[in-house]
Amino acid sequence: GCSSDSGTESGSDDGQIVLGFSQVGAESGWRTANTESIKASANAAGIKLQFSDAQGKQENQIADIRGFITQKVDVIAFSPVVTSGWDAVLKEAKDAGIPVILTDRAVDSTDTSLYESFIGSDFKVEGEKAGDWLVKQYEGKTGEVNIVELQGTTGSAPAIDRQTGFADKIKANPNLKIVKSQTGDFKRADGKTVMETFLQSVPKIDVLYAHNDDMGLGAIEAIKAAGKVPGKDIQIITVDAVKDGMTALAAGEINFIVECSPLLGDQLMETVKAVKAGQPVEKRILTKEGTFTQEEAKAALPTRKY
Ligand code: GZL
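Residues numbered from 1 in each chain as written. Predicted model: local features only at pLDDT ≥ 70, side-chain atom pairs only at ≥ 80, totals over all residues. Heavy atoms only, no water.

As recorded by an unreviewed UniProt entry, the protein chain carries the name ABC transporter substrate-binding protein and is attributed to Actinoplanes subglobosus. Under Subcellular location (unreviewed entry), UniProt gives the following word-for-word description of the protein chain: "Cell envelope". The heading Sequence similarities (unreviewed entry) in the UniProt record of the protein chain holds the text "Belongs to the bacterial solute-binding protein 2 family." (UniProt positions renumbered as here; feature names shortened; annotations may be inferred.)

The structure is reproduced here in structure tokens:
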């Protein structure tokens, strides 16, 4: 807390920790679940949350962070929409003595003193899990397999790493070829329109790899409109495992989903408290997550939290 007259200390007057959080936006079901987790966990932890939705714009996140510095919040946390362009504003936070925690997505800053911790998934491993599953599906089979890829937001850590991990793994079978790869910005509507162009320009599409469920669900609409059966004519792999994705998986319209957990709220608030208390925190906190087949989705759906 701070004595109101001096105004030199940080945080609110009643000793409550004040956390400034800048969120990417509201582009997907995953993002909605992530926002809900952060708000619920802050509430449960008794932490005062100043929450900002940057609507997918880096300049808004930079403005958010500058605002939190001016407000003298105790801790700043954010999910960086893209990996680069953060060093200056993170240095301003450091010079102001306000610790920063990264959640969900990483930054490419080489100076790791600019943040206390990065809490989030290993997106390269997620891409590798997707690639591994596909290689197994085509073990022992012959003939070219045409893959189209819907990438996440250009320049974002998940888009970069999910593309790399997947491409690395499918090298095991030279028949597996990515014939088209384009961003759908993690959005359902964009996934649909980009898939429409893929369907028009690629005579035989065997597999769709979408970097999130939402783009996969949009693509399914385009596939159906083209008179093809999703999950049968075109094998579909997505990432996230949010409820709508799991529902499509259980219904056989998607074939495999790699989970990416949005439930980072509790880990974030524990880390905020530790940082505020001057306790050491792990530089990299990895989220636990798995994969789902169609059968596993049927079993998991009834108790799925998001
Ligand atoms: C992953 C997260 C991605 C999700 C998308 O941690 O950054 O952004 O996979 C979301 O659904 O839009």
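Read on, since the account is not over.
Draft legend 1. The arrangement of the pairing of strand 8 (residues 207-210) in detail. Burial along strand 8 is two-sided: the residues Val207 and Tyr209 and Leu208 and Ala210 are all buried. Sheet topology note: the strand 8/strand 9 (residues 235-240) ladder contains three bridges and is parallel. Bridged to Val207 within strand 9 is Gln235. At this point the chain moves from strand 8, through helix 7 (residues 213-225), to the parallel strand 9, and the crossover so formed is right-handed. (Buried < 20%, exposed > 50% of the residue type's maximum accessible area, 1.4 Å probe, protein only. Helix = DSSP H or I, 4+ residues; strand = E, 2+ residues; numbered from the N terminus. Pairing = 2+ DSSP bridges. Right-handed = clockwise from strand over helix to strand, strands pointing away.)

Draft legend 2. Geometry of the nonpolar core. Membership of the largest hydrophobic core comes to 30 residues, with the highest contact counts inside it found for Leu150, Met195, Ile205, Leu208, Ile234 and Met246. The greatest single-element share of this core, amounting to six residues, is contributed by helix 7. Ala130, Tyr138, Ala157 and Leu176 belong to the second-largest nonpolar core, a separate cluster that totals 23 residues. (Core = buried A, V, L, I, M, F, W, Y, C linked by side-chain atoms within 4.5 Å.)

Draft legend 3. Main features of the layout of surface pockets. Considered as a void within the structure, the largest pocket measures approximately 170 Å³ in volume. Along the walls of the largest pocket sit Ala33, Glu36, Ser37, Ala40, Ser41, Leu263, Gly265, Asp266, Lys305 and Tyr306, which together make up its complete lining. Every element with two or more residues in the lining of the largest pocket is listed here: helix 1 (29-45) and helix 9 (265-276). At five residues, helix 1 tops the list of elements feeding residues into the lining of the largest pocket. Among the residues forming the lining of the largest pocket, the class breakdown is four nonpolar, three polar and three charged. (1 Å grid on protein atoms, 1.4 Å probe; cavity = no way out; pocket = protein on both sides within 12 Å on 5 of 7 lines; lining within 4 Å. Points joined across faces, edges and corners; volume = space filled by probe spheres on them. Nonpolar A, V, L, I, M, F, W, Y, C, P; charged D, E, K, R; others polar.)

Draft legend 4. Structural context of the packing of helix 4 (residues 123-137) against helix 5 (residues 157-170). Across the interface, helix 4 lies against helix 5 with an axial gap of 6 Å and an inter-helix angle of 35 degrees. In the crossing of helix 4 with helix 5, the sense of the turn from one axis to the other is right-handed. Residues Phe123, Lys124, Glu126, Gly127, Glu128, Ala130, Gly131, Asp132, Leu134 and Val135 of helix 4 touch helix 5, and the partners they reach there are Ala157, Pro158, Asp161, Arg162, Thr164, Gly165, Phe166, Asp168, Lys169 and Ile170. The residue makeup of the contact of helix 4 with helix 5, split by class, is eight nonpolar, four polar and eight charged. (Axes fitted to C-alpha atoms, helices over the stretch in contact; angles between N-to-C directions. Left-handed = near helix turned anticlockwise from the far one by under 90°. Contact = heavy atoms within 4.5 Å.)

Draft legend 5. How the structure looks around the sheet that holds strand 3 (residues 75-78). Taking strand neighbours across the sheet as the criterion, the six strands line up as 2-1-3-4-5-11 in an open arrangement whose pairing is parallel. With partners counted over all chains shown, the strands left at the sheet margins are strand 2 (48-53) and strand 11 (284-286), one partner each. Taken over all neighbouring pairs, the strand axes of this sheet differ in orientation by 20 degrees on average, direction set aside. Pairing between strand 5 (residues 117-120) and strand 11: three bridges, direction parallel. Bridge assignment links Phe118 to a residue of strand 11, and that residue is Arg284. Contacts from helix 9 reach strand 1 (18-23), strand 3, strand 4 (100-103), strand 5 and strand 11 within the one sheet, and its direction differs from that of strand 4 by about 165 degrees.

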